[in-house]
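Structural overview
Next come the chains, spelled out residue by residue.
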Amino acid sequence: MADTKREIERKYASEDGRLPDLAGVAGVAAVLDQGLVHLDATYYDTADTRLAAASVTLRRRTGGSDAGWHLKLPVAPDVRDEIRAPLSDTVPGDLAGLVRSRVRGADLLPVVRLRSDRDVRHLVDADGRLLAEVSLDTVRADRLTGDGGTARWTEIEVELADDADPAFLDTVEQRLRAAGARPSASPSKLARALAETAPGHRRTGSGPGTRTDDGRPAPQARPGGPVTAGDHVLAYVRAQRDAIVELDPAVRRDLHDAVHGMRVATRRLRSALRSYAAVLDRAATDPVGGELKWLAGELGAVRDQEVLTDRLTAALDTLPGTVSTGPVRARLRGWSAERTEGSRGRLIAVLDGGRYLALLDALDALTGAPPLRKAASGRPEKVLAKAVRKEVRRLAARVERALALPPGQDRDLALHEARKQAKRARYAAEAAAPALGERAAALVAPAKSLQSLLGDHQDSVMAREALRELAGRAHAAGESAFAYGVLHEREEQRAREAEARLPRAWRAVEERAAL
């Protein structure tokens, strides 16, 4: 994977084309002139600028100290991850993969060329440590597609140094504002270039958009919020679709919890399609739901093994040394590696495959032209509440059936089904909360607690199965299997404790289910 740098920066409009004196900024001992740098960057996007619409930029840049390909992914306001690759004539494969969930089958084309003269200053503290880099950029933008034109502007960019305190940016901003600079109305140079070089654009002032008195973009009129039951369900469905697309690069980069987050979004979306069948026609959504189930399974192959290994490792840590005799840890590590071998490569192949990309297209089609039923136009207080109550009734039936069974495999399977239904009830309440308010929101927490309790029980079932397998392997190799037996007994005890707490956890859900 290419190199990654966390970039924290702010941009400001420079009305007079000058960089204010920053020597008096608190904490700054010296302002070091780094000279003038000439930068030449070509930005790539689809013909309909899908990347720019998602605040993602992909460029090939020469000049400066970091010439090469740069992909910038938004993290938070003023924060982006910049992923770098060496110069080449074509878009590097690693970077192309990171934008595939947005680009799909479209071509990446050069859309804008930016040439900047960058006048650079380093702000350093008394120890000579870099605090931030401040530059005055004189920019020329040329649109490379269609009948676009050319734009010119000057802006100030302040980039925080690695490991510096983000609060320092506020200190610098105070000085810039006092000198007349104002926060840029565009989130990036590319966004401004696309706006100002668009065919028919009429330039007013120093940049696109109207500004408030403090120089920030003025609020734009927003369409009305969700009104009907269909509005609310579609808002939830679209949010989960967006989460899948946005988490795709993080999964490819193997970032912490990314696989789990994408799997949860997939499950939430599938659950919504099932729970709100009165709003969205299942004849159209069931095929999509089947593909979501497949994707969740592919994501789970990695995640489930991670969870199981962590559980067994933590349990092993609690055993005294006199019990965990023999190569128990080594066997556990080898068993886990064996089961996860190639799993990450398989997952990336899934994300690069036609089936996954077709699913993303199907989700776009579903949300773009939703198969609405008659109830979609109904009052959300009635339609959504009815759907949530239905899911809670199903949950009640599954919990009661499981608790009526004697301990054993049948009860374990029934409790697993109850766990899945607890998720559906929780997700249905989440989707309804914006419309139903506290009535639905109050159901989410106890449903989540019940789901977690049932999840711990299922994890115990899987852990015991794994321990029996490990014990068998140890015995066949002439090793002591005593530690596995001790852990197996402890897992049985955890399962019994979870089952004993189920009635109380279920009553908490019932108390909140009167919608």
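In short, a report on the structure.

Cut-offs used in this document
Residues numbered from 1 in each chain as written. Predicted model: local features only at pLDDT ≥ 70, side-chain atom pairs only at ≥ 80, totals over all residues. Heavy atoms only, no water. Helix = DSSP H or I, 4+ residues; strand = E, 2+ residues; numbered from the N terminus. Buried < 20%, exposed > 50% of the residue type's maximum accessible area, 1.4 Å probe, protein only. Contact = heavy atoms within 4.5 Å. Lys, Arg positive; Asp, Glu negative; His and termini not counted. Charge placed at Lys NZ, Arg CZ, Asp CG, Glu CD. Axes fitted to C-alpha atoms, helices over the stretch in contact; angles between N-to-C directions. Left-handed = near helix turned anticlockwise from the far one by under 90°. Nonpolar A, V, L, I, M, F, W, Y, C, P; charged D, E, K, R; others polar. Pairing = 2+ DSSP bridges. Core = buried A, V, L, I, M, F, W, Y, C linked by side-chain atoms within 4.5 Å. Patch = residues over 30% accessible without salt bridge, like charges linked within 9 Å, V, L, I, M, F, W, Y side chains within 5 Å. Areas by Shrake-Rupley, 256 points an atom, 1.4 Å probe, with all protein chains shown as cover. Salt bridge = Lys/Arg side-chain N within 4 Å of Asp/Glu carboxyl O.

**A closer look at the overall build of the protein chain**
From N to C terminus, the protein chain includes 15 helices and 9 strands. In terms of overall dimensions, the protein chain has a C-alpha envelope of 80 × 65 × 45 Å along the principal axes. Here the protein chain, with 515 residues, has 47% of them falling under the buried criterion. Of the contacts made within the protein chain by residues no fewer than 6 positions apart, 72% connect residues no fewer than 24 positions apart. For the protein chain, the distance from the average site of its 82 positive side-chain charges to the average site of its 75 negative ones is 6 Å.

**Section: the packing of helix H6 (residues 229–252) against helix H10 (residues 343–352)**
Viewed as axis vectors pointing N to C, H6 and H10 meet at an angle of 145°, and their least axial separation amounts to 11 Å. Of the two elements, H6 crosses H10, and the hand of that crossing is left-handed. Where H6 abuts H10, its residues Asp248, Val251 and Arg252 lie against Arg344, Leu347, Ile348, Leu351 and Asp352. For the contact of H6 with H10, the class distribution of residues is 4 nonpolar, no polar and 4 charged.

**Quick word on the pairing of strand S5 (residues 79–85)**
For S5, the tally of buried residues reaches 6 of 7 residues, placing the bulk of the element in the interior. Here 6 bridges tie strand S1 (residues 3–13) to S5, and the two strands are oriented antiparallel to one another. Residue Asp3 lies in a different strand from S5, and its bridge partner there is Arg84. Where strand S4 (residues 68–76) lies against S5, 7 bridges are found, and the strand directions are antiparallel. The partner of Lys72 across the bridge, within S5, is Glu82. Between the end of S4 and the start of S5, which pair antiparallel, lie 2 residues, with Asp78 showing a positive phi angle near 70°.

**A closer look at unusual backbone geometry**
In this structure, Thr49 is a non-glycine residue whose phi angle is positive, near 50°. Along the chain, the position of Thr49 falls in the loop between strand S2 (30–45) and helix H1 (50–53). Phi is positive for Asp163, close to 70°, though the residue is something other than glycine. Within the secondary structure layout, Asp163 lies in the loop between strand S8 (150–160) and helix H4 (167–178).

**Quick look at the nonpolar core**
Grouped together as the largest cluster of nonpolar side chains are 72 residues, with contacts concentrated most on Ile244, Tyr276, Tyr356 and Leu450. In terms of residue count, the dominant contributor to this core is helix H13 (residues 409–436) (13 residues). If sequence neighbours within four positions are ignored, Leu450 has contacts with Leu395, Ala422, Leu502, Ala505, Trp506 and Val509. Ile8, Leu131, Leu136 and Phe168 belong to the second-largest nonpolar core, a separate cluster that totals 21 residues.

**With respect to the pairing of strand S6 (residues 109–124)**
The sheet contact formed by S2 and S6 spans 15 bridges and is antiparallel. Counterpart to Leu36 in the pairing with S6 is Asp119. Both S6 and strand S7 (residues 130–143) contribute to a ladder of 13 bridges, which runs antiparallel. The residue bridging Arg121 from the neighbouring strand is Val134, located in S7.

**Digging into a positive patch on the surface**
On the surface, a cluster of positive charge is made up of Arg379, Lys382, Lys386, Arg389, Lys390, Arg393 and Arg439. With 5 residues, the top contributor of residues to the positive patch is helix H12 (residues 380–404). The topology assignment puts Arg393 in helix H12. Given a relative accessible area of 54%, Arg393 falls into the exposed group.

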